[in-house]
Amino acid sequence: MESFTLAALSLTTACAAALVAYLLYLCFVYPLRNPIRQLPGPPSKWFLELRHMYMTMDPRRSPHTAAEFVEKYGRNVYIRGPVPWDQRLFTLDPVTMNHVLQHTAIYEKPWPSRRLISGLIGAGMLSAEGQMHKRQRRVATPAFSLNEMRALIPLVFSKGTELQKKWMEIMRDAGVKPGQGHVFNVCSWASRATFDVMGSAGFDYEFNAIQKEDNELLRAYVDMFETAVSKQKAGLRSVLVMYLPIIDKIFPNETTRFVSKCQTVIERVAGTLIQEKKRKMADAAVKGQVYQGKDLLSLMLKSNSAVDLPPDQRLSDQDLLNNINTFMFAGTDTTSLALTWTLYVLALYPHVQDRLRAELLSVAPIAPIDTLTPEEVQSLYAEIAALPFLENVIRETLRLIPPVHSSIREATRDDVVPVSAPLKRTTPNGRVVEQVHQIVVPKGTFIHVPIEGFNLDKGLWGETAWKFDPDRWDNLPETIKELPGLYQHTLTFSAGPRACIGMRMSVIELKSFLFTLVTNFKFAPDPTQKIGKANVILTRPYVAGKQNEGSALPLIVTPYVREDAS
Ligand code: HEM
């Protein structure tokens, strides 16, 4: 017994010693061996460095940081993550950025962010890597084709009309007189509308969120995203959990327990939906028919059972559930925030709003949208989609306030990264020692991809880069025409093989919702409220001083009566 206790004690001591040695290595030896440190960059503290994260991630500060970096240090900058071994390359160099985003076999999403996402919504497409990601993307891609996305148009219009009617009903109930406005938290309403679209389009499920917010599955998703993401508190515990996720398992806090409760509901309800859908497909097959479901889940099930898909490439039910969760997470708040911010800038720039309304009304049918046939709605959308000023307004808002503020990649092996112009290598005391034409990036280095920084770069977009100017799109500077990016030279939807799969869907939603809302309402800022921005995974609006109440954007909404209305 005594020898057993002694053996156990010495094993514990050995483990503790190994852990201490490893931590010392991580803190003192590993960081010094990373050549990234020789790139110019802001001064950093030795141990806990939170300032660099704040400077680069907080949207109130980040555009200034990016501009200062370019001026002081160039386009490739050394910054620090919170702990000494978290060494980062912050790049605003289009050549470097393109290399990183295109080489997905080398640059993966870092494990702390993958863990955060998969802990919330499972290992779906957003957090999977390697073969697993390829498999998921391959099965999902047909569901996002141009044709399938077009099929969503009548659904999106019907949700837009429902929202319009709901707002009118609320104003009637509140006794709002003709010509007067009413304050709506457009952020919350946009979110309800995009949840409804994603419920129907994603898995043929009616959340009915525009009408009420009490659906069990809706509450589970909304509460989970809000609690785990937008009400997340920064602090020592969050930093520790990021590097030592086991803390959350051993000492779950209120948030962890709440998220796990939401996940149980999602698994039960959404899991049943998957089984029901599979049953419907099997019933149709027995009758020699093909199930005609057009929602993303049905299309994924169809593509997952295609005869030419090798069995080892098929997704399990759990993978399907993870991807449904991923679409809910990646496809609702991103789009609703894009819509929210667009309505906000339209409220701030009434002349742009009037011009946009005039353009939209030029194609608006006299008959109410809900009396049109699906074919008539499709041809109306084709006209809306071709409107140049609407296109410019959307491009400009998505450039100026990209819902995804930034992203991170981690080098999974040593690499040499190209740069657009030679840069200076410095000694730790700032002395320039040589010009380098490429950067050696060792395995484990994080690359900070500043989506917003790139979209607002004055060196590329010109001196007016921080201003809202939809007309810039009619005359873009030569410097940006060659830029990487999926959507109009911006990084809003990222670029390369991990770029957003839902871009087409969100553009359809934005154009359709804007059409319905701007032709039926006028939007103005609420002078009693000051709006601020915060980056909590997504760039969200908050009422100043009330960030802990969750995202909000109150605007004064006044019904717009068309001159030709009888
Ligand atoms: C305005 C709306 C949207 C914006 C700004 C946006 C932006 C982005 C960005 C920047 C990424 C890359 C993230 C990274 O690399 O860290 C991404 C990925 C993704 N988005 Fe979107 N997104 C939007 C709408 C949607 C919609 C409607 C869906 C779908 C239902 C969707 C599904 C996804 C998925 C599944 C990924 C992961 C793709 C992969 O890794 O292969 N997104 N999105």
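Residues numbered from 1 in each chain as written. Predicted model: local features only at pLDDT ≥ 70, side-chain atom pairs only at ≥ 80, totals over all residues. Heavy atoms only, no water.

Helix and strand counts for the protein chain come out as 23 helices and 12 strands. Against the compact-globule benchmark of 24 Å for 566 residues, the protein chain has a radius of gyration of 25 Å, which places it among compact chains. C-alpha atoms of the protein chain, sized along the principal axes, occupy 85 × 60 × 50 Å. Burial statistics for the protein chain: of 566 residues in total, 52% are counted as buried. For the protein chain, the share of sequence-separated contacts (at least 6 apart) that also reach a separation of at least 24 residues comes to 73%. Counting only carbon and sulfur atoms, one obtains 59% of the accessible surface of the protein chain, whose full area is about 26,100 Å². Of the charged side chains in the protein chain, 64 are positive and 57 negative, and the gap between their average positions amounts to 4 Å. (Helix = DSSP H or I, 4+ residues; strand = E, 2+ residues; numbered from the N terminus. Rg over C-alpha atoms; globule rule 2.2 N^0.38 Å. Buried < 20%, exposed > 50% of the residue type's maximum accessible area, 1.4 Å probe, protein only. Contact = heavy atoms within 4.5 Å. Areas by Shrake-Rupley, 256 points an atom, 1.4 Å probe, with all protein chains shown as cover. Lys, Arg positive; Asp, Glu negative; His and termini not counted. Charge placed at Lys NZ, Arg CZ, Asp CG, Glu CD.)

Looking at the protein chain, the domain boundaries give domain 1 (34-130 + 407-481) and domain 2 (141-403 + 495-559). Taking only C-alpha atoms, the centre of domain 1 and the centre of domain 2 are 29 Å apart. Of the roughly 3,700 Å² buried between domain 1 and domain 2 on both sides combined, carbon and sulfur atoms contribute 63%. Three residues stand out in domain 1 for area buried against domain 2, namely Leu120, Ile121 and Phe468, and they jointly supply 22% of the buried area on that side. A salt bridge links Asp471 to Arg355; the nearest nitrogen and oxygen atoms lie 3.0 Å apart. Across the domain 1-domain 2 interface, the total number found is 17 residue pairs in polar contact (both at pLDDT 80 or more). It is helix α5 (residues 111-121) that provides the largest number of residues to the side of domain 1 that touches domain 2, a total of seven residues. Of the residues contributing to the side of domain 1 that touches domain 2, the split by class is 25 nonpolar, seven polar and 12 charged. (Domains from an automatic or database assignment. Buried area = accessible area lost by both parts, 1.4 Å probe. Salt bridge = Lys/Arg side-chain N within 4 Å of Asp/Glu carboxyl O. Polar contact = N/O pair within 3.5 Å; in protein donor to acceptor, adjacent residues only side chain to side chain. Nonpolar A, V, L, I, M, F, W, Y, C, P; charged D, E, K, R; others polar.)

Time to look at the state of the cysteines. Evaluated as defined, the whole model comprises zero disulfides. Among the cysteines around Cys187, which has no disulfide bond, Cys262 carries the closest sulfur, lying 19 Å off. (Disulfide = S-S within 2.5 Å.)

With that settled, the discussion passes to the coordination of the iron atom of the ligand. For the iron atom of the ligand, the sole protein-derived donor is Cys500 (SG), lying 2.3 Å away. Of note, Cys500 is situated in the loop between α22 (478-481) and α23 (503-520). (Donors = N, O, S within 2.8 Å, 3.2 Å for Na, K, Ca; no water.)

This part is about the site of the ligand. Around the ligand, 28 residues are found, and the nearest of them are His133, Arg137, Ser407, Arg409 and Cys500. One of the backbone N or O atoms of Met125 is found 3.4 Å from an oxygen atom in the ligand. Separating an oxygen atom of the ligand from a side-chain N or O atom of Arg498 is a distance of 2.7 Å. At the level of elements, α6 (130-140), α15 (317-331), α16 (333-348) and β5 (407-411) are the ones that each hand at least two residues to the shell around the ligand. Ranked by residues supplied to the shell around the ligand, first place goes to α15 with four residues. (Near = heavy atom within 4 Å.)

Pairing within the open sheet is antiparallel, and its three strands lie in the order β4-β12-β9. The sheet is open, and its two edges are formed by β4 (182-185) and β9 (521-525), each paired on a single side. Averaged over all adjacent pairs, the angle separating strand axes in this sheet is 40 degrees, with direction ignored. As defined by bridge partners, β4 adjoins strand β12 (residues 554-559) across four bridges and the pair is classed as antiparallel. Across the sheet, Asn185 pairs through a bridge with Pro554, a residue of β12. (Pairing = 2+ DSSP bridges. Axes fitted to C-alpha atoms, helices over the stretch in contact; angles between N-to-C directions.)

Residues Val20, Leu24, Phe28, Val29, Trp46, Phe47, Leu48 and Leu50 make up a contiguous nonpolar surface patch of about 720 Å² in total accessible area. On the basis of relative accessible area, Phe28 is assigned to the partly exposed category, the value being 43%. (Patch = residues over 30% accessible without salt bridge, like charges linked within 9 Å, V, L, I, M, F, W, Y side chains within 5 Å.)

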